[in-house]
Amino acid sequence: MVDVRIAEDWKAILAEEFSKPYFEQLTEFVRAEYAAGEVFPKGKNIFRAFDKCPFDKLKVVIIGQDPYHGVGQANGLCFSVAEGVPFPPSLQNIFKEVASDTGAPIPASGELDRWAEQGVLLLNAVLTVRAHQAASHAGRGWEQFTDAVVRAIAERKSGVVYMLWGSYAQKKGSIADPVNNLILKSVHPSPLSSYRGFFGCRHFSQANAYLKSLGKSEIVW
């Protein structure tokens, strides 16, 4: 089995995946990439989405596609950026919708640890990327791994909110049972599509109403 530094409860759930040949090949590829040049996020942050949101606390799943590939942006949580980094356009639009939907002010920081620590899994489909080369680590095995993550959640948990923004996320999250979970779909928050249905989707208040109906604590967005 490949030695993976990840939160213990996730490690136990995904142990079988870590032992598969594709994951061993993926690990070799990623190590070689980090050795050869600049790759994001920092190695210690590859599994940060899992470390910040333990499985037993998970209440919401948000699926992104690829880490940010600009210097200093990616921090292991989808859509999130490190403290002090300007908000990328999609994150700006997410915060605008949160403000419109819930009345919460636009935050000073784009670091979404505060969401993750409340039970929001901020999962990118691909967990690493070469600097300035979008999707450069796509098709290397990360997608198979994160499909297994979504499948593990779907098989072990109900009463989960899935926020699926854009066709890619919707396809990846399609395994989730819409009867025993809340599936929220819209276009992607990218400036290219946000005005076609992301703005006004009210996913954040809907998520909280659903969690409240199940007796779970709401997310402070």
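You'll find the structure just up there.
Note that the structure is predicted; figures quoted are calculated from it, not measured.

Chemist: In this structure, what is going on with the side chain of E97? I would like to understand it.
Modeler: Examined against the element boundaries, E97 turns out to sit in helix 5 (residues 89–102). Here E97 is buried and forms no salt bridge, its nearest opposite-charge partner R202 lying at an N-O distance of 6.3 Å. Of note is the side chain of E97, whose polar atom sits 2.9 Å from the backbone nitrogen of R202. Here E97 is in contact with F198, F199, G200, C201, R202 and F204, once residues within four sequence places are set aside.

Chemist: Explanation requested: the layout of surface pockets in the structure shown.
Modeler: Space left empty within the atom packing is revealed by a probe, the size of a water molecule, rolled over the atoms. Space inside the largest pocket adds up to approximately 560 Å³. Q65, D66, F79, S90 and H188 are the residues nearest the centre of the largest pocket, which is lined by 29 residues in total. Within the residue set of the lining of the largest pocket, elements represented by two or more residues are strand 2 (60–64), helix 5 and helix 8 (167–172). In terms of residue count, helix 8 provides more of the lining of the largest pocket than any other element does, 3 residues in total. A breakdown of the residues in the lining of the largest pocket according to their chemical character gives 15 nonpolar, 13 polar and 1 charged. Size it by volume and the second largest pocket reaches roughly 440 Å³. The greatest single-element share of the lining of the second largest pocket, amounting to 6 residues, is contributed by helix 3 (residues 21–36). Counted by class, the lining of the second largest pocket contains 9 nonpolar, 2 polar and 5 charged residues.

Chemist: Would you explain the packing of aromatic side chains in this entry?
Modeler: Two measures describe an aromatic ring pair: the distance that separates the ring centres and the angle between the ring planes. Under the criterion given, the structure shown has 23 aromatic pairs. Note on Y195 and F199: the rings are 4.8 Å apart at their centroids and 65° apart in plane angle, and the pair reads as edge-to-face. Judged by relative accessible area, Y195 falls into the exposed class, the value being 69%. Among the aromatic side chains, those forming a connected cluster through ring pairs are F79, F87, F95, W115, W165, Y195, F198, F199, F204 and W221. Sitting above the plane of the F55 ring, K157 keeps its charged end 5.1 Å from the centroid.

Chemist: Would you explain unusual backbone geometry in this entry?
Modeler: Across the chain, the bulk of peptide bonds are trans and the bulk of non-glycine residues have phi less than zero. F40 connects to P41 through a cis peptide bond whose omega is -5°. Mapped onto the secondary structure, P41 falls in the loop between strand 1 (39–40) and helix 4 (48–52). In this structure, F79 is a non-glycine residue whose phi angle is positive, near 70°. Take F79: it is sitting in the loop between strand 2 and helix 5. Judged by relative accessible area, which is 9%, F79 ranks as buried. Even without being glycine, A135 reaches a positive phi, approximately 60°. Position of A135 among the secondary structure elements: in the loop between strand 4 (129–130) and helix 7 (142–156).

Definitions and cut-offs
Residues numbered from 1 in each chain as written. Predicted model: local features only at pLDDT ≥ 70, side-chain atom pairs only at ≥ 80, totals over all residues. Heavy atoms only, no water. Helix = DSSP H or I, 4+ residues; strand = E, 2+ residues; numbered from the N terminus. Buried < 20%, exposed > 50% of the residue type's maximum accessible area, 1.4 Å probe, protein only. Lys, Arg positive; Asp, Glu negative; His and termini not counted. Salt bridge = Lys/Arg side-chain N within 4 Å of Asp/Glu carboxyl O. Polar contact = N/O pair within 3.5 Å; in protein donor to acceptor, adjacent residues only side chain to side chain. Contact = heavy atoms within 4.5 Å. 1 Å grid on protein atoms, 1.4 Å probe; cavity = no way out; pocket = protein on both sides within 12 Å on 5 of 7 lines; lining within 4 Å. Points joined across faces, edges and corners; volume = space filled by probe spheres on them. Nonpolar A, V, L, I, M, F, W, Y, C, P; charged D, E, K, R; others polar. Phe/Tyr/Trp six-rings, centres within 6.5 Å; stacked < 30°, edge-to-face > 60°. Lys NZ or Arg CZ within 6 Å of the ring centre and 35° of its normal.

By themselves, these observations are geometric and do not establish any function.
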